[in-house]
Amino acid sequence: MNYLAHLYLSYTDSEEMFGNFIGDFVKGKNLSSYPQKIQQGIKLHRFIDDFTDQHPITKEMSNKLKPHAGRFSMVVTDIYHDHFLAKNWNNCHQQSLRAFADSFYHHKMWDESWVPEKATNMHPYLKLYDWLNAYQYFEGLEQVFHGMERRIKNLAPISKSVEWLQNDYNFFLDCHEAFFPQLEQKVEEFRQNAFD
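Below you will find a few notes about this structure. Within each chain, residue numbers correspond to sequence positions counted from 1 in written order. Totals for whole chains, interfaces and linings use every residue, but because this is a predicted model, local features are given only for residues with pLDDT of at least 70 and side-chain atom pairs only at 80 or more, for both listing and counting. Excluding hydrogens and water, the side-chain values take into account all heavy atoms of the structure.

**A few points about the pattern of salt bridges**
Then, in step 1: Whenever Lys or Arg places a side-chain nitrogen within 4 Å of a carboxyl oxygen from Asp or Glu, that contact is recorded as a salt bridge. Summed over the entire model, instances satisfying the criterion amount to five salt bridges.
Then, in step 2: When the shortest N-O distance is used, the salt bridge between R98 and D102 registers 2.9 Å. Here D102 and R98 lie together in helix 6 (residues 97-105), a separation of four residues that amounts to about one turn.
Then, in step 3: Residue classification places D102 among the partly exposed positions, given a relative accessible area of 31%.
Then, in step 4: Where E189 meets K186, a salt bridge forms, and the shortest distance between an N and an O atom there is 3.6 Å. With E189 and K186 both in helix 11 (residues 169-195), this residue pair falls three residues apart, about one helical turn.
Then, in step 5: Only protein chains enter the accessibility calculation, which uses a 1.4 Å probe; a residue is then buried when its area is under 20% of its type maximum, exposed when over 50%, and partly exposed in between. A relative accessible area of 31% means that E189 is categorised as partly exposed.
Then, in step 6: Shared partners join several salt bridges into a network, and the residues in it are R98, D102 and D130. Helix and strand assignments follow DSSP, with helices taken as H or I runs no shorter than four residues and strands as E runs no shorter than two, numbered in order from the N terminus.

Worth remembering: the numbers are spatial, not functional.
Okay, structure coming up:
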């Protein structure tokens, strides 16, 4: 899962949500330097990633992209999920995506000393390019994928990911709609068993 889905799956708890977001930037098992709710968010982030990466539907999506994206096919798959979530946002969240994104960009925890440096460094770009809101638009996705291709040193032509999505849009949409409710259910079960 990419950023938007991680945030959405924790939106009922602002602190857990922030921990879920920074999960990509936290290494190792020792989380004792983080507040309790942030630890919960990091653990949830890892659960979401593990469940998603091992799910047959995700693997089916990834395999369809492998001839184009190679070993980055799972990364592209994650962003496709964010695209469909963003497009359907008004049907699954009471707050508009615009308001949700702005609220997170200005989250009170961005200035905490324990926030990983890589997350802190990314924060200005998150706001400047409005990544969370941009996922719903093809133009926004193109910017995201072009930036990623530069960061991976052109190891795969993932700047064409929007074209691949458009060519098989219904296939990827059907996959998302079959997978995401399962993920939501598993996240709820995980939260009840791990945090209650």
